[in-house]
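A structural walkthrough
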Amino acid sequence: MSLRTAKGHFRSLDGVLLSELRSLAGRDRVAVVTSGHTQLRRIQQMLLEGAGVIAGFEFFPGLPPLARRLLPQGAVESAQPGTLDRILAVREASMELPPGAPFRDASEDPAGALSMSGLLEDLLDKGVGWDELDALIKSGAVESDPVTVSIASLLKSYQAIRERLCPNTRDRMLAMAATGCETGRFEAYVFYGIYDLNPLQRRFVSRLLRSGVRALWLSPLTPRTAESLGIASRTDELLSAGASSRPDSRIPPPPFAPYVEQLVISGARGSPPEGLGVISAAGTPGLARAVERFIAQGMSDGIRPSEMAVVGRKSVISPVVRMLACEGVPLDAGRTAGLSSLPSGAFLTAVATALEKGCHYLYLIRAVETGALRAEFCPPAGEIRAFVEETGLRSGLHRHASRASRAPRLASFLGLLARFEDALGPAPVPASDLPAALGILGEALEPSLAGQLEGEEGLVEPAWDGRVPAPALLEAVCVALGGAVMGLGAGDPSGVRVFDFEDARGMRTRRTMVIGLEEGVLPSGRLEDPRLPASVRARFELPDAPTREAEEAFLLVLAADTASERLTLAFRRCDDSGKPLSHSHLIDPLLRQDDERDDPPWFVAEPSDPMRSVFGGQHPGQQAVRSAGSGHLDWRRPFLSQSYSAVLARRGAAPLGRHDGVIGRAERQSPDPHVSPTGLSEWARCPFRFMARRRWGLEEPREPGIAASPDPASSGSLLHRAMERLLGKGPGFDASPAEVRIAVEEVAREEHLEERLGRPEFVGAFLDGSCRLIRAALDRLAATGWRPTGTEVCLEGALGGIVVKGKCDLVLDSDGGPVVIDFKTGRPGRKSKLLEDMSGGREYQIPLYALLMAARGAAPAAGGYFYLRDSSLVLFDREELAVLGSAALAMAERISALQAEGFYAPATRKEACRSCDLAHLCRRDGIYLARASDDDRASWLAGGEDDAPEGPDEGGDA
């Protein structure tokens, strides 16, 4: 055997690699094997720049591609089993277990089957077949307990099914190459960056080394580090027979890797090297902003984005990338989203759930509201509700499609579900029938969305060839769908490089930021698999907790190895809800400051105030929050100007005070002396939320991730403005589809909709749905026979002891007099519920508009609310408006008086908090509720159950 090994940091290994490959230049049979695609591309670029040639070398991103190359030409690698195939294969295997045996119920639990497949795949990936596990049990080496016996039986069946579905998986190719392959196909082998091997990989490499070919093994794991961390001992034993050479010691290591290595091995902090920084951030938004500042600082220092890198676990990297991409930060990573959160995936999940629940109408509404369906298959939610009220059929609607003949779109939708159910049938069906059945649903999808599911290999086209009951098949699809990810756009090739820890190995950057250094992330929180005893796990090298932590500690060292000028380590001290998180114990020595009074200069704690990470925009109110958080106190904003220690001042039995939202008469800060009907409604729902939005000027944060449609508030604003444009300055009720489309597109451009959604097809699908809603609304209003006389009509006047000012969305002219209309974009309301809200002081628009119109000498004949979601109209006649107006005015005077007192305490109704995005700023807790129970002003707010529309309505009065 001609084997040489060299171990050292990557920069010294690069020198050995270049020297070795120069000596091998001219030969046409040299295999270069790396630990992944990212490392391979870096080496190819390094060769072109340093040696000027890569001809004669064949590159392999790992051992499995090399094994495939060394096998006979007929051995073609097949794909690994997909998620759905793994679920169905375990389901079939578990049915062969005797009744009552452990894991027998995996046949009825897709999520459990998926988890079990992970264990079985881990064993097979290491070359552990069922025969080896069975032999271990029969020899008495391990206790023959029922759990281990069941896993051996499952592995036997699963392995046979897997080989039937995917004859030549990666591990199968490695196993075949380990027993017989053409090792002489190459004259020399160079292994770069690989430092540990599992049992199957060792068998394959051992065969190559025994063949006598020339081999060079370059490992970044030094003997000292391997011994200290206790990893790669079996791989080192395999390589011990080779000659060892020392990398060029004249090449200095990067400044940070030795220091981080000292931290994770000995726990000694010492003096951090210049350029090391540690950041503590509040939640993922705070972490994203820290990354943004890291990148901005680098660019301001003249460093190109491609010379910086962000390294972390995918679970942390993905949301951070989505947030930064929305703000235009240049990153080379593409954006992704879970397929189940996109329209087509959400629709498939909703249909599967609807069928499982007997097609209850609420699940059907959820399916049609995903935005995935073409117009002719997408009935409005109100149409489904009307069908329920007319027929009394709340469930099983797909069996009664013929009864919906008067609603063509509903009939089409119900018929679609009936065809889909018939295609699957009540009896067990072949899994191969699934694509055809899904094709029926695909007929109704928007063309731009129809290809989303097809692009997920193995998700909806299983290779598994058995039969399964339709409900179980759909449930398995939903579980598989939950883990599927779809790309939403490519990154910027010249942007900041984003790596997970494995891909970062061997990379070179000037500045690197390592994020997500929390317990449960690095080292990961994956527990030792309890389904196998410790003796079996050790025998087959399934990682235990100490080994896993040691391996991930070395990954942190390699991440530090990438940076040459500056290394920043970042962790979240709390999650997005404010729950505390613990930093990784790997950096615990760095943060231990028992003998220090102040934080060291290299440690930066981002503000603990969650408002800093949530309200980071340029709105004046958001700027005020940041100023207050920085110590520039603005006493006119009492809640924001206090530290969190103010919580202590609230304990005890004192009455409600400034820290409970009672800010005092002198600090009312009303921007004008008028009272608005919409403002009254907002205050009545929750005075604290009213103060945060109207007095402090805070905006509710928008979801930073990529979505298929705008948030409810933005959707309502777009519909509102498009209706106003058509009725106020445009063609009115007679607008053509083209004119409706123009108005909607104009508003969408003004709202920068495409920039916020990220994909043109999402914008198109939303605009199509909006046009349908507006066209249906215009038709419904035209059917009343009334004529529009004004939109956004300003109404102002003195009523009782207050001055009321507002804007009525629409005024119509009827034979009996004017009709006042307020648009709503939330959930359609019942007239009885609206009457309750108006008489109870929760709704003010229509009653006060009617009083203002009457004060002008034009008392309305009727007034009410028009719901754009389903084109429903709820009206009140002249007599009802008179009664409601008197009650509303009395309530408005009371609210105005409370506002003058500076009373902005949170609502005591729990229901008022359901859709509030400002809950993290709120003082509503047990202390507040105990105080509020003794205050008549707060008890007056309790009222009844809050049934506010889903999503705020935008528009209304000023």
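Everything numeric here is computed off the predicted structure, so don't read it as measured data. Positions within a chain are numbered from 1, following the residues in the order the chain's sequence is written. Only residues with pLDDT of at least 70 get local features here, since the model is predicted, and only at 80 or more are side-chain atom pairs given and counted; chain-wide, interface and lining totals rely on the full set of residues. Excluded from the side-chain calculations are hydrogens and water; all other atoms, namely the structure's heavy atoms, are used.

Overview of the overall build of the protein chain
Formally: Numbering of helices and strands runs from the N terminus, with a helix taken as a DSSP run of H or I at least four residues long and a strand as a DSSP run of E at least two residues long. For the exposure calls, accessible area comes from a 1.4 Å probe over protein chains only, and a residue counts as buried if that area is under 20% of its type's maximum, exposed if over 50%, partly exposed in between. We call two residues in contact whenever any of their non-hydrogen atoms come within 4.5 Å of each other. To measure how exposed things are, a 1.4 Å probe is used in the Shrake-Rupley method; for residues, cover is taken only from the protein chains shown.
Across its full length, the protein chain holds 39 helices and 21 strands. The buried share of the protein chain, reckoned over its 958 residues, is 52%. Put simply, 79% of the contacts in the protein chain that link residues at least 6 apart link residues at least 24 apart. Summed over its atoms, the accessible surface of the protein chain is roughly 40,200 Å², and 51% of this surface lies on carbon and sulfur atoms.

Some points on the sheet that holds strand 1 (residues 2–7)
For clarity, the threshold we go by: One requirement defines pairing of two strands: DSSP has to find at least two bridges between them. For helices, the fitted line uses only the C-alpha atoms of the stretch in contact; every axis is such a line through C-alpha atoms, and the angle between N-to-C directions lies from 0 to 180 degrees.
Pairing is parallel across the open sheet formed by 6 strands, whose spatial order is 3-2-4-5-1-6. In this open sheet, the two edge strands, each paired with only one partner strand, are strand 3 (57–60) and strand 6 (243–245). Each neighbouring strand pair of the sheet contributes to a mean axis angle of 20°, computed without reference to strand direction. Looking at chain direction, strand 2 (residues 30–33) and strand 3 are connected through 4 bridges and run parallel. Note that in strand 3 the partner of Ala 31 across the bridge is Glu 58. Across the sheet, helix 1 (residues 10–24) is in contact with strand 1, strand 2, strand 3, strand 4 (188–192) and strand 5 (214–219); its angle to strand 5 comes to roughly 160°.

Observations regarding the sheet that holds strand 19 (residues 817–824)
If you walk across this open sheet you meet the 5 strands as 17-18-19-20-21, and the pairing is mixed. Edge positions in the open sheet fall to strand 17 (787–799) and strand 21 (872–877), since each of these has one partner strand only. When the angles between neighbouring strand axes are averaged without regard to direction, this sheet yields 35°. Sheet strands in contact with helix 31 (residues 712–728) are strand 17, strand 18 (802–814) and strand 19, and its direction is about 110° off that of strand 17.

Quick word on the side chain of Arg 185
Using the following cut-off: Nitrogen and oxygen atoms within 3.5 Å of one another constitute a polar contact, given that in protein one can donate a hydrogen and the other can accept it, and given that sequence-neighbouring residues count only through two side-chain atoms.
Position of Arg 185 relative to the elements: it lies in the loop between helix 8 (170–179) and strand 4. Within the structure, Arg 185 has its side chain in polar contact with the backbone oxygen of Arg 69 (distance 3.0 Å). Those residues within four positions of Arg 185 in sequence are excluded, and the remaining contacts are Arg 29, Arg 69, Leu 70, Leu 71 and Gln 73.

Some details on the pattern of salt bridges
Here is the rule: Salt bridges, as used here, are contacts in which a Lys or Arg side-chain nitrogen is within 4 Å of a carboxyl oxygen on Asp or Glu.
If you walk through the whole model with that rule in mind, you get 44 salt bridges. Here Arg 202 and Glu 541 are joined by a salt bridge, their closest N and O atoms 2.5 Å apart. In this pair, Arg 202 is assigned in helix 9 (residues 199–210) and Glu 541 in the loop between helix 23 (534–539) and helix 24 (545–560), connecting sequence segments 339 residues apart. In this structure Arg 202 comes out as buried when scored by relative accessible area, which is 14%. We note a salt bridge from Glu 541 to Arg 234, for which the minimum N-O separation is 3.4 Å.

Focus: the environment of Gly 338
Among the structural elements, Gly 338 can be located in strand 9 (residues 335–338). Classification of Gly 338 by relative accessible area gives partly exposed; the value is 28%. Considered as a pair, Gly 338 and Gly 483 are 145 residues apart in the sequence and their alpha carbons are 6.9 Å apart. Discounting residues that sit within four places of it in the chain, Gly 338 has contacts with Ala 484 and Val 485.

Observations regarding the nonpolar core
Threshold: Throughout, nonpolar core names a set of buried Ala, Val, Leu, Ile, Met, Phe, Trp, Tyr and Cys residues whose side chains join them through atoms within 4.5 Å.
With 88 residues, the main nonpolar core has Phe 347, Phe 413, Phe 420 and Leu 441 as its most contacted residues. By residue number, the principal contributor to this core is helix 21 (residues 470–482), which donates 8 residues. Setting aside its immediate chain neighbours within four residues, Phe 347 contacts Ala 367, Thr 370, Ala 372, Leu 373, Phe 413, Leu 441 and Leu 445. Counting 63 residues, the second largest nonpolar core, distinct from the first, contains Val 32, Tyr 195, Leu 517 and Ile 587.

Quick notes on the packing of helix 3 (residues 63–70) against helix 9
Relative placement of two packed helices is described by the angle separating their axes and the distance separating the axes. Here is the rule: For classification purposes, angles smaller than 35 degrees are called roughly parallel, those larger than 145 roughly antiparallel, those between 65 and 115 roughly perpendicular, and all remaining angles oblique. By convention, the crossing between two helices is left-handed when the near helix turns anticlockwise from the far helix through less than a right angle, and right-handed when the turn is clockwise. Following the grouping adopted for this structure description, the nonpolar residues are Ala, Val, Leu, Ile, Met, Phe, Trp, Tyr, Cys and Pro, the charged ones are Asp, Glu, Lys and Arg, and the polar ones are all others, Gly among them.
Where helix 3 contacts helix 9, the two axes come as close as 11 Å, and the packing angle between them is 50°. When the axes of helix 3 and helix 9 are compared, the pair comes out oblique. Pair helix 3 / helix 9 crosses with left-handed handedness. On helix 9, the residues that touch Leu 63, Leu 66, Ala 67 and Leu 70 of helix 3 are Gln 201, Phe 204, Val 205 and Leu 208. Split into classes, the residues belonging to the contact of helix 3 with helix 9 amount to 7 nonpolar, 1 polar and no charged.

Describing helix 19 (residues 434–442)
For clarity, the cut-off: This arc describes the spread of directions from the helix axis toward the C-beta atoms.
Every buried residue of helix 19 is listed here: Leu 434, Ala 437, Leu 438, Ile 440 and Leu 441. The arc that holds every buried residue of helix 19, seen down its axis, measures 140°, which confines them to one face. On its buried face, helix 19 sits against helix 4 (83–94), helix 15 (343–356), helix 18 (408–424), strand 10 (429–430) and helix 21.

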